[in-house]
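# Coordinates in review
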Amino acid sequence: MKKLFIPILMLIPVILPAQSPEVIKAGNILDKVSEIIQSHQSIRADFTFSMENKQADVTDTHKGTILIAGEKYKASVMNVDSYFDGTTLWTYLKEVDEVNISNPDPMDETTLSPSSIFNIHKQGFRYIFAGEDTIDGEEINIVDMFPEDRDKPYSRIKVYVNKANNHITKISQIGKDGTNYIIDITNMETDVPFESGMFTFDPDKHPDVEIIDMR
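The residue numbers shown here count from 1 along each chain, following its written sequence. Selection of residues for local features in this predicted model requires a pLDDT of at least 70, selection of side-chain atom pairs for listing and counting requires 80 or more, and totals for whole chains, interfaces and linings are taken over all residues. With hydrogens and water set aside, each side-chain value is computed from the structure's full complement of heavy atoms.

Counting its regular elements, the protein contains three helices and 12 strands. Remark: exposure states derive from per-residue accessible area (1.4 Å probe, protein chains only) relative to the maximum for the residue type, with buried under 20%, exposed over 50%, and partly exposed in between. Here the protein holds 215 residues, and 36% of them are scored as buried. Contacts are residue-level and defined by heavy atoms, with any inter-residue pair within 4.5 Å sufficient. Residue pairs at least 24 apart in sequence account for 45% of intrachain contacts in the protein once pairs closer than 6 positions are excluded. Secondary structure elements are defined from DSSP: runs of H or I of at least 4 residues count as helices, runs of E of at least 2 residues count as strands, and each element is numbered from the N terminus.

With respect to the secondary-structure elements, Glu-148 resides in the loop between strand E8 (138-147) and strand E9 (154-162). Classification of Glu-148 by relative accessible area gives exposed; the value is 51%. Sequence separation of Glu-148 and Phe-125 is 23 residues, and the distance between their C-alpha atoms is 5.3 Å. Not counting residues up to four positions away in its chain, the partners in contact with Glu-148 are Gly-124, Phe-125 and Arg-126.

The subject of this paragraph is the packing of aromatic side chains. Aromatic pairing here means that ring centres of Phe, Tyr or Trp (its six-membered ring) are within 6.5 Å. Orientation follows from the plane angle: under 30 degrees is stacked, over 60 is edge-to-face, and everything else is tilted. Evaluated as defined, the whole model comprises five aromatic pairs. Taking 6.1 Å as the distance between ring centres and 15 degrees as the angle between the ring planes, the aromatic pair formed by Phe-49 and Tyr-181 counts as stacked. Highlighted residues: Phe-49 in strand E1 (residues 43-53) and Tyr-181 in strand E11 (residues 179-190), separated in sequence by 132 residues. The partly exposed category is assigned to Phe-49, whose relative accessible area is 23%. Centre to centre, the rings of Tyr-73 and Phe-84 are 5.6 Å apart; their planes meet at 35 degrees, and the pair counts as tilted. With Tyr-73 in strand E3 (residues 72-77) and Phe-84 in strand E4 (residues 80-84), the pair connects residues that are 11 residues apart, well separated along the chain. Grouping residues by exposure puts Tyr-73 and Phe-84 together as buried. Grouping aromatic residues by their ring pairs yields a cluster made of Tyr-83, Tyr-92 and Phe-201. The rule for a charge over a ring is simple: NZ of Lys or CZ of Arg within 6 Å of the ring centre, and within 35 degrees of the ring normal. One residue, Lys-25, lies across the ring of Phe-129, its end atom 4.1 Å from the ring centre. In this structure, Lys-170 packs its charged tip against the face of Tyr-160, placed 5.0 Å from the ring centre.

This part is about the nonpolar core. Nonpolar cores are built from buried Ala, Val, Leu, Ile, Met, Phe, Trp, Tyr and Cys residues. Side-chain atoms within 4.5 Å join them into one set. Counting 25 residues, the largest nonpolar core has Met-145 and Val-159 as the members making the most contacts within it. Listing elements by their share of this core, those giving two or more residues are helix H2 (21-38), E1, strand E2 (58-69), E3, strand E7 (125-135), E8 and E9. Counting residues per element, this core draws most heavily on H2, which supplies five residues. By size, the runner-up hydrophobic cluster in this structure holds seven residues, among which are Tyr-92, Val-99, Ile-101 and Val-209.

Below, the discussion takes up the pattern of salt bridges. Any carboxyl oxygen of Asp or Glu within 4 Å of a side-chain nitrogen of Lys or Arg constitutes a salt bridge here. The tally for this structure, following the rule as stated, stands at 10 salt bridges. Put simply, Arg-215 and Asp-213 hold a salt bridge, and the shortest N to O gap is 2.6 Å. A relative accessible area of 55% means that Arg-215 is categorised as exposed. Here the residues in one salt-bridge network are Lys-25, Glu-132, Glu-139 and Lys-163, joined through shared partners.

This is how it looks when you write it as structure tokens:
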């Protein structure tokens, strides 16, 4: 038995696939992004959110802002304000003066808090270093992330990371149907002052709002 065990041990390095340098580099880049983000008490960012379908020659772009503090956030885009205090989500639809209240499932990736997005590469994705680029004079690392679940409506997520500060500058979700969703971060500030009340919806400031509690 001992004589059989030794050759089996010698075969293990051959059987187990080694990670390529591109995979290792991508993992290091994404881990550094996560480390940097978690080192700040808060982050405020301005961004543009775009939907494009080149085949249909359609592009729709909206400006937005977001403030993140740990698991809490407040986001404003497309005339919708979202408030999340770590447990409860208020979605305020300004055009119809309506707010929906819910408790998102932390296991549901469609309701991930923005801070959690910086860690999604750690589970459910394969990734690889896809190259470098220079955008607006900044040197950028590009990482492609592929969902392990092939039933996802997108084929990959492209993450653009500033080499100088390890901040994400752009995220592109490449849809299987030809529709892509793109977030361009145009400005980012770290450790900005905030108050806990910023992450909850105050109905007293909107006396005529219709409240729909879906909890």
